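Inside the fold
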Amino acid sequence: MTLTKTSHSFHNTIIKNRLSLQTSFIDKINMMDIREINEKIQQESAFIDLLNMELGKVIIGQKQMLDRLLIGLLSNGHLLLEGVPGLAKTLAIKSLASAIKANFSRIQFTPDLLPADLVGTMIYNQKQEAFTVRKGPLFSNFILADEINRAPAKVQSALLEAMQERQVTIGDETFKLPEPFLVLATQNPIEQEGTYPLPEAQLDRFMLKIVIDYPTKEEERLIIRQNLAQESVKINQVINTETIVKARSAVREVYMDEKIEKYILDIVFATRYPKQNNLRKIENLISYGGSPRASINLALAAKAYAFIKRRGYVIPEDIRAVSHDVMRHRIGLTYEAEAENVTTDEVINEVLNIVEVP
């Protein structure tokens, strides 16, 4: 009996040692893979510094906005910007288009705008005695949809369909939109009269919602000096669209551990079921939580953020850095929250404070 116990114990020890060696071997392989990915990402992301240098010539401050622009560009996602006029929203995307040598279109949304004004229409050609397609301003790489909430629902739907499908149908023909294709829509928060607010389901199509604040005193001093200077600054082309398309593939290769995936799910599920996640304080403030798009876009944005930081792996700080921009337009607040002037950013802060960081 003693021999049997001893041999059984010896057998278990051998199995444990083997498992330990296998785990150690797998960890070494993973470390080697991550090291290779990290080196590749550092090479592939070299152009980020060049882009930031060029954009920094004309954009003073607004570092967060520029980073989020790059995240959208690298993740193939669209952005919604909210801020008062004069905060360099148009200048930023125009400068980005110049630095990449891409086509840029600005569309000023107004109540009398029609879907055909965006996508294009069929024009009758008298010489050819046939209808020909005239493409609209959507056929560009970078689209600035200025004050999107000023246009009626039909026009908003036409834009959002193009954003989702990456194609446009005019008459009987379907046309693919160019790559890269980035929509930057703006909303003015100080004017609500004569506007058509985007429904929650359409807001969900935007990868990020960025809230832009005023510059600091020192930044505004530099802005004044730059605008009063006699010589205007010229943006040079530093990369092409092929580089962006290639970088998008590299972003997908950024390593994300299972613990990070669990962290993303914990954050999103905490907004859906606050009571089950020790968030009784905000239970009555949330009417609905983040959709599955929130989880997908948190992962994508975190990978792109790591890429911008020239890292080949995602860390919890990356998730926390992009959480507000990904989640703020995907969480619905109750009337009680609105009555107490609670914002979605405050709700997200509470979630991030409670959810355990891996």
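Computed from a prediction, not measured in an experiment: that's the story for all the values here. (Residues numbered from 1 in each chain as written. Predicted model: local features only at pLDDT ≥ 70, side-chain atom pairs only at ≥ 80, totals over all residues. Heavy atoms only, no water.)

Before going further, it helps to spend a moment on the sheet that holds strand β2 (residues 104–108). Strand order in the open sheet formed by five strands is β2-β5-β8-β1-β9, and the pairing between neighbours is parallel. Edge positions in the open sheet fall to β2 and β9 (208–211), since each of these has one partner strand only. Across the sheet, the axes of successive neighbouring strands diverge by a mean angle of 20 degrees, strand direction being ignored. Bridge count for strand β1 (residues 79–82) against strand β8 (residues 182–187) is four bridges, and the pairing is parallel. (Pairing = 2+ DSSP bridges. Helix = DSSP H or I, 4+ residues; strand = E, 2+ residues; numbered from the N terminus. Axes fitted to C-alpha atoms, helices over the stretch in contact; angles between N-to-C directions.)

Following both chains from N to C, one finds helix α10 (residues 258–272) and helix α11 (residues 292–308) inclined at 150 degrees, their axes separated by 10 Å at the closest point. With respect to α11, the axis of α10 lies roughly antiparallel. At the point where α10 passes α11, the crossing takes the right-handed sense. Two secondary-structure elements touch here, α10 through I264, L265, V268 and R272 and α11 through P292, A294, S295, L298 and A299. Looking at the contact of α10 with α11 residue by residue, the class counts come to seven nonpolar, one polar and one charged. (Parallel < 35°, antiparallel > 145°, perpendicular 65-115°, else oblique. Left-handed = near helix turned anticlockwise from the far one by under 90°. Contact = heavy atoms within 4.5 Å. Nonpolar A, V, L, I, M, F, W, Y, C, P; charged D, E, K, R; others polar.)

Between the first and last C-alpha of helix α9 (residues 241–252) there are 18 Å, a value that for twelve residues agrees with the 16 Å anticipated at 1.5 Å per step. Every buried residue of α9 is accounted for by T241, I244, A247, R248, A250 and V251. Taken end-on, α9 shows its buried residues confined to a sector of 165 degrees, consistent with a single buried face. Exposed side chains of α9 directed beyond 90 degrees from the buried face belong to E242, K246 and R252. (Expected span 1.5 Å × (residues − 1). Buried < 20%, exposed > 50% of the residue type's maximum accessible area, 1.4 Å probe, protein only. Arc of directions from axis to C-beta.)

If you walk through the whole model with that rule in mind, you get 18 salt bridges. Of the charged contacts in the structure, one is a salt bridge between E147 and R150, with a shortest N-O distance of 3.4 Å. By relative accessible area, E147 is classed as buried at 18%. The partner of E218 in a salt bridge is R221, with the nearest N and O atoms 3.3 Å apart. Here E218 pairs with R221, and both are found in helix α8 (residues 217–228), just three residues apart, close to one helical turn. With relative accessibility at 44%, the residue E218 sits in the partly exposed group. (Salt bridge = Lys/Arg side-chain N within 4 Å of Asp/Glu carboxyl O.)

Bringing the layout of surface pockets into the picture now. Empty space within the largest pocket amounts to approximately 740 Å³. Lining of the largest pocket is provided by 26 residues; of these, E82, L203, K209, R328 and T344 occupy positions nearest its centre. Secondary structure elements with two or more residues in the lining of the largest pocket: α7 (200–203), β9, β11 (332–333) and α14 (344–354). Of the residues belonging to the lining of the largest pocket, the class tally is ten nonpolar, ten polar and six charged. Put simply, the second largest pocket is a space of about 510 Å³. Breaking the lining of the second largest pocket down by element, the ones donating at least two residues are α4 (89–100) and α8. Here the lining of the second largest pocket is composed, by residue class, of twelve nonpolar, seven polar and three charged. (1 Å grid on protein atoms, 1.4 Å probe; cavity = no way out; pocket = protein on both sides within 12 Å on 5 of 7 lines; lining within 4 Å. Points joined across faces, edges and corners; volume = space filled by probe spheres on them.)

Counting all residues, the mean pLDDT for the chain is 82, and 89% of those residues have values of 70 or more. Note on residues 1–12: pLDDT under 50 across the span, and zero contacts to partners over four residues away in sequence or across chains. A low-confidence stretch, residues 14–29 (pLDDT under 50), is modelled with zero contacts involving residues beyond four sequence positions or located in other chains. (pLDDT = per-residue confidence, 0-100.)

Among the six residues of β8, six are classified as buried, and the element is accordingly described as predominantly covered. Residue alternation in β8 divides its side chains into two sets, L182, L184 and T186 and V183, A185 and Q187, and both sets are buried. Inspection of the sheet shows strand β5 (residues 142–146) paired to β8 by four bridges, in the parallel sense. When the sheet's bridge partners are listed, A145 is paired in β8 with A185.

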